[in-house]
Amino acid sequence: METIIIIVFLAGYLAITLEHNLKIDKLIPALAMMAILWALIALGIDGYENWFDSVQQGLVSGFSDLGHLDKMHIMEESLLHHLGKTAEILFFLLGAMTIVEIIDYFDGFATIKGFIKTKKKSKLLWLFSILAFILSAIIDNLTATIVLITILQKVIKDRETKLWFAGMIVITANAGGAWSPIGDVTTTMLWIANKVSAGQLVIHVLLPSLVCMLVPVLIAGRFKIFKGLIDGDLDGEISKSKYGGTMLYLGLGAILFVPIFKTVTHLPPYVGMMLSLAVVATFAEIYSNKKFNISSVEGEDDDNAGHHSPVHHSLSKIELPSILFFLGILLAVAAMESLGILFNAAGALNEAIPNTDIVVILFGVGSAVIDNVPLVAASMGMFSEPLDSPLWHFIAYSAGTGGSMLIIGSAAGVVAMGMEKIDFFWYLKKIAWLALIGFVSGAIVFILLRDFVLHG
């Protein structure tokens, strides 16, 4: 039965990886894989010798000697535990996504266009790169990429130039997301699972991530494509709503408040995110009501003056497929962990490659091909290092930045591919090598810093 379970897991993984070739949304194989794996475990539970009880954080001794009802009870307790841990991540993401959508409802991100005052391509490269690095650490790399490419489309007209800028935004956004507990789904997973703390993650991964961003930008800045002036228009309305700037800063501040809330209260991050969402939603409703009242006083048509709740509107735009994908993949990995398969795989990997640094770097390279969410989820089940072990910090860096090496290797890359119709092979030829140099440079800096701290 274990062999069948491994085959199902690998088949599901393959279907997720080949999402674009199969033309099937990755949430479908993720959900199917999760349900089939737990069904197979339930049907064959009497035949398993070992069971890793995540509730007690240890192997169940004498599992094969327990009765059927006792085994089912332990399995149900483990499944409920994993569902609870997965729900923490999902509700955190739901809160963050809703805040971002509320900011967008008030056209808050258009305020960022006001920072663009130059037409020099070289300066714009640095401006977009710095904005991507900082924004992705706050609102996550996927959203930062969407925001910046939307602005890019308004200020640059030449297609080839836009493609280059979009490629650099992918690299810098992924680098920015790696050092923040709220900057990438994988770092959020590690943070919520108590593998890393917010402060230590920033301290150990910020400099490698900065190097990962700086090296490609410094190299690309010498290219002819980034010389001269753009032919776009920098003028135009900054925001359609007078509350856009206020909601932008309020929303970003609310998201940044979450790690502080966790540090002070020691409550799970999703609790702080729900509080932040409540505060942002309150102001959104107040501002929306003000707009409605003004429209009514000025005598606009009922259709134009009709009040629509910005919170309801924002919730309707949430990416539910992504939430369901995370549910499926995390519970599927939990099934493999419960049978001890991931721990056996970690042992075999460590025997084949004794150097853990090489293993983690391979994880980073692998994240360019395989979705980094299941990769990190698997690594969390493979290794048992304590909180803030350098291993977890290195995994956060590698999984977050390694995906830049292919356009399909990260959520930021996939959304850029869709928005700018970037060709896979164009990115592979023009951008991939820059991402590889940045990734390797950052990894070297991380190892040197870690060894310096550990050995003085």
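In this text, all values refer to a predicted model and were calculated from it rather than measured experimentally.

Caption draft 1: Up close: the environment of Ile116. Within the fold, Ile116 resides in the loop between helix 4 (68–105) and helix 5 (121–139). Residue Ile116 is classed as buried on the basis of its relative accessible area of 5%. Between the C-alpha atom of Ile116 and that of Ile151, which follows or precedes it by 35 residues, the distance is 9.7 Å.

Caption draft 2: Expanded view of the pattern of salt bridges. Under the definition given, this model contains five salt bridges. The salt bridge involving Glu420 is made with Arg159; its shortest N-O contact spans 3.8 Å. One end of the pair, Glu420, is in helix 19 (residues 411–420); the other, Arg159, is in helix 7 (residues 159–178), and 261 residues separate them in sequence. With its nearest N and O atoms 2.6 Å apart, the salt bridge here joins Arg450 to Asp357. Here Asp357 lies in helix 16 (residues 356–366) and Arg450 lies in helix 21 (residues 432–455), a separation of 93 residues in the sequence. Judged on exposure class, the residue Arg450 and its partner Asp357 are both buried.

Caption draft 3: Summary view of the environment of Leu37. Along the chain, the position of Leu37 falls in helix 3 (residues 27–43). A sequence separation of 31 residues divides Leu37 from Ile6, and the C-alpha atoms of the two residues are 8.9 Å apart. Leave out the neighbours within four places in its chain, and Leu37 touches Ile5, Val8, Phe9, Ala332 and Ala335.

Caption draft 4: Representation of unusual backbone geometry in the model. Even without glycine at this site, Asp140 takes up a positive phi of about 80 degrees. Checked against the element boundaries, Asp140 lands in the loop between helix 5 and helix 6 (141–155). For Asn194, which is not glycine, the phi torsion reads 60 degrees and is therefore positive. Here Asn194 shows up in the loop between helix 8 (185–192) and helix 9 (198–220).

Caption draft 5: Seen up close, the packing of aromatic side chains. Using the criterion set out here, one finds 19 aromatic pairs in the structure. Residues Phe394 and Tyr397 carry aromatic rings whose centres are separated by 6.5 Å and whose planes lie at 20 degrees to one another, so their mutual orientation is stacked. With Phe394 and Tyr397 both in helix 18 (residues 390–402) and three residues apart, this pair spans about one turn of that helix. Judged by its relative accessible area of 1%, Phe394 is buried.

Caption draft 6: The confidence of the model for the chain, seen in detail. Scored by pLDDT, the chain has a mean of 86; 92% of the residues are at 70 or more. Considering only residues more than four positions removed or in separate chains, one finds that residues 296–306, a stretch of pLDDT under 50, has six contacts.

Caption draft 7: View of a positive patch on the surface. Taken together, the side chains of Lys120, Lys123, Arg222 and Lys227 define a basic patch exposed on the protein surface. Inspection of the secondary structure puts Lys227 in the loop between helix 9 and helix 10 (244–265). Residue class for Lys227 comes out partly exposed when judged on its relative accessible area of 47%.

Rules used throughout
- Residues numbered from 1 in each chain as written.
- Predicted model: local features only at pLDDT ≥ 70, side-chain atom pairs only at ≥ 80, totals over all residues.
- Heavy atoms only, no water.
- Helix = DSSP H or I, 4+ residues; strand = E, 2+ residues; numbered from the N terminus.
- Buried < 20%, exposed > 50% of the residue type's maximum accessible area, 1.4 Å probe, protein only.
- Salt bridge = Lys/Arg side-chain N within 4 Å of Asp/Glu carboxyl O.
- Contact = heavy atoms within 4.5 Å.
- Phe/Tyr/Trp six-rings, centres within 6.5 Å; stacked < 30°, edge-to-face > 60°.
- pLDDT = per-residue confidence, 0-100.
- Patch = residues over 30% accessible without salt bridge, like charges linked within 9 Å, V, L, I, M, F, W, Y side chains within 5 Å.
- Areas by Shrake-Rupley, 256 points an atom, 1.4 Å probe, with all protein chains shown as cover.
- Lys, Arg positive; Asp, Glu negative; His and termini not counted.
- Charge placed at Lys NZ, Arg CZ, Asp CG, Glu CD.

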